[in-house]
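Read off the chains here:
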Amino acid sequence: MDDKPVAYRASLLHFTDDPAWNDNAFQWHEDGLLIVRGGRVQAAGDYHQLVSDLVPHAKVIDCRGKLIVPGFIDTHIHYPQTDIIASPSSGLLPWLDDHTFPGERAFADPAHAAKVATFFLDELLRCGTTTAMVYCTVHPESAHAFFEESDARNLRMIAGKALMDRNCPSYLRDTAEGGILESERLLKKWHGHRRQMYAITPRFAASSTDTQLRLAGELAQAHPDVFVQTHVAENRDEVAWIKELFPDARSYLDVYDRVGLMRPRAMYAHCIWLDDHDRKRMADTRSAAAICPTSNLFLGSGLFDFASADAARMPLTLATDVGGGTSFSMLRTMNELYKVARMGGVHLPAMRMFYLATLGGARGLQLEGTIGNFASGAEADFIVLDPHSTPLLTRRTAQAGSLEELLFAFAMLGDDRAVAAAYAAGCLVHARDAASLTKSEAPGNH
Ligand code: GUN
Ligand code: ZN
């Protein structure tokens, strides 16, 4: 890689803490400079303070009029559901049976998996998401295909093969021991391979036997730096079913807790139907919640209780949950997050939503310092947001009287069109208007 620094001049925003609890949680430089060297952040600050640090003739890319923020982090998404997004259903369980499981069948074929992974990563990058925590199907081939495509682009991605040994079609079923062995093989190959990371992925408690969950917990304990991801307390019918399947558990979350699956680097999607005891366990074990508002509204699952989650100080992150979720865009996801919180009587400032989509995700994944902000030495994953991407956004942002108002307009009115460019480890990986770029800036030329 070219080791000469490249600097980007734009407005810069990134977080150093959660603005809910700290009034000095962000750094904002209206005329800012982000200096990138060797794929990492060398410095971020005011243009006029930093420009003198640049070596003579250093390349400065002029993005004035735009806003640079860290790449979005989507902590829960299913790449094999790309083609069944927008499939209506009366609720989670029929949606799984009628759309999701049949759609996942084709991922036994590595060629199909590779094609979908390519489209999926293109779509994430178009939306400004540079890191995602991703479900593959039960087939190890689907995980290999995903990691190969992600690695080829040098993206920092987390993924895992779904574990599911019951309550699903036979064509998607592994065995308790077989699924764990496959997971172990995958994590040995991919976890820590360049920027790829592995997540042990029991799909949800209903589709794993107690034995498989126990073995997943043992595998997690043998690999403390590996991730864990699953679903919990998403839908009322699902919660009732879990109670039947695990009559001795105190709660749905307790099914995972008692096998050692709650810990730092564990990501729990949805967390809607938790009680305060569960919320305290999430906080005490530093397990993180992936809040999935577009999915929860689309499937009619329920409204995430922001006030109770904050009262318990649960680690919170934001996620699309495509294909239950209806958009790859974290800006669109903020839009619906805001309304879900509003329904619970909570006003979520845009600052908090941008935190959740960047440093909050990194913290939930225990990846602060690696991704999520512009700390010196962090990997240079960032996006360029364009306030002039639509006529309405242009008009509304022109009237923004504060940074909060500007960000709120992006959160309510923005989508993939607002993302002018995305960079991963300092390399351009998406450009909305490819024609406007110089040759050396074209994606892939690095
Ligand atoms: N619960 C178990 N599997 C799934 C899934 O694929 N999507 C969602 N939203 N919930 C689930
Ligand atoms: Zn999901």
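Scroll up for the structure.
Per chain, residue numbering runs from 1 following the sequence as it is written. Labels are handed out in written order, letters beginning with A for the chains and numbers beginning with 1 for the ligands. This being a predicted model, a pLDDT of at least 70 is required before a residue's local features are given, and a value of 80 or more before pairs of side-chain atoms are given or counted; all residues contribute to the totals for chains, interfaces and linings. With hydrogens and water stripped out, all remaining heavy atoms of the structure feed into the side-chain values.

Undergrad: Is there a simple way to explain the sheet that holds strand 16 (residues 427-431) in this structure?
TA: Across a sheet, paired strands are connected by hydrogen bonds in the backbone, their directions being either parallel or antiparallel. One open sheet holds the seven strands; their spatial order is 3-2-1-4-14-15-16, and the pairing between them is mixed. Of all strands in the sheet, those with a lone pairing partner are strand 3 (40-46) and strand 16, marking the two edges. Each neighbouring strand pair of the sheet contributes to a mean axis angle of 35 degrees, computed without reference to strand direction. When DSSP locates at least two bridges between a pair of strands, those strands are taken to pair. Strands are runs of DSSP state E lasting at least 2 residues, helices are runs of H or I lasting at least 4, and numbering of each runs from the N terminus. Sheet topology note: the strand 2 (residues 26-37)/strand 3 ladder contains six bridges and is antiparallel. Bridge pairing in strand 3 places Gly32 opposite Asp46. In this analysis an axis means a line fitted to C-alpha atoms, helices contributing only their contacting stretch, and an angle means the value between N-to-C directions, from 0 to 180 degrees.

Undergrad: Just checking my understanding: could you explain empty space enclosed by the protein for this structure?
TA: It is a probe the size of a water molecule, rolled over the atoms, that shows where empty space is left. Two kinds of site are reported from a 1 Å grid over the protein atoms alone, namely cavities, where a 1.4 Å probe fits but cannot get out, and pockets, open sets with protein on both sides within 12 Å along at least five of seven lines, and residues are called lining when an atom falls within 4 Å of a point. Grid points are joined across faces, edges and corners, and a volume is the space filled by probe spheres set on the points. Tallied over the entire structure, the rule returns one cavity of 30 Å³ or more. Considering the residues around the largest cavity, the lining is formed by His78, Gln81, Leu92, Trp95, Leu96, Arg203, Phe204, His231, Glu234, His270, Leu299 and Asp321. Of all the elements, helix 2 (residues 92-104) adds the most residues to the lining of the largest cavity, at three residues. In terms of residue class, the lining of the largest cavity is built from five nonpolar, four polar and three charged. Residue type decides the class: Asp, Glu, Lys and Arg count as charged, Ala, Val, Leu, Ile, Met, Phe, Trp, Tyr, Cys and Pro as nonpolar, and the leftover types, Gly among them, as polar.

Undergrad: Please clarify how the environment of Leu253 should be interpreted in this entry.
TA: Structurally, the position occupied by Leu253 is in helix 8 (residues 252-257). By relative accessible area, which is 1% here, Leu253 ends up buried. Separated by 118 residues in sequence, Leu253 and Tyr135 place their C-alpha atoms 19 Å apart. Here, two residues are considered to be in contact whenever any of their heavy atoms come within 4.5 Å of each other. Apart from residues no more than four positions distant in its own chain, Leu253 is found in contact with Val232, Met262, Tyr268, Leu274, Asp278, Arg281 and Met282. Relative accessibility under 20% of the residue-type maximum defines a buried residue, over 50% an exposed one, and the middle range a partly exposed one, all with a 1.4 Å probe and only protein chains included.

Undergrad: I would appreciate a short explanation of the coordination of the zinc ion (ligand 2) in the present structure.
TA: Coordinating N, O and S atoms are those within 2.8 Å of the metal (3.2 Å for Na, K and Ca), and as water is not part of the atoms, a site may appear to have fewer donors than expected. At the metal site, the zinc ion (ligand 2) is ligated by His76 (NE2), His78 (NE2), His231 (NE2) and Asp321 (OD), and these contacts range over 2.0 to 2.3 Å. One way to put it: the four donor atoms around the zinc ion (ligand 2) meet at angles of 90 to 166 degrees, and that makes the site irregular. Positions of the donor residues of the zinc ion (ligand 2) along the chain correspond to the pattern H-x1-H-x152-H-x89-D. Taken together, the residues His78 in strand 5 (residues 72-78) and Asp321 in the loop between strand 13 (316-318) and helix 12 (330-343) connect sequence positions 243 residues apart. Tetrahedral means four donors with every angle between 85 and 135 degrees, whereas square planar (four donors) and octahedral (six donors) require angles over 155 degrees between opposite donors and between 65 and 115 for all others; sites fitting neither are termed irregular.

On their own, these measurements won't tell you what the molecule is for.
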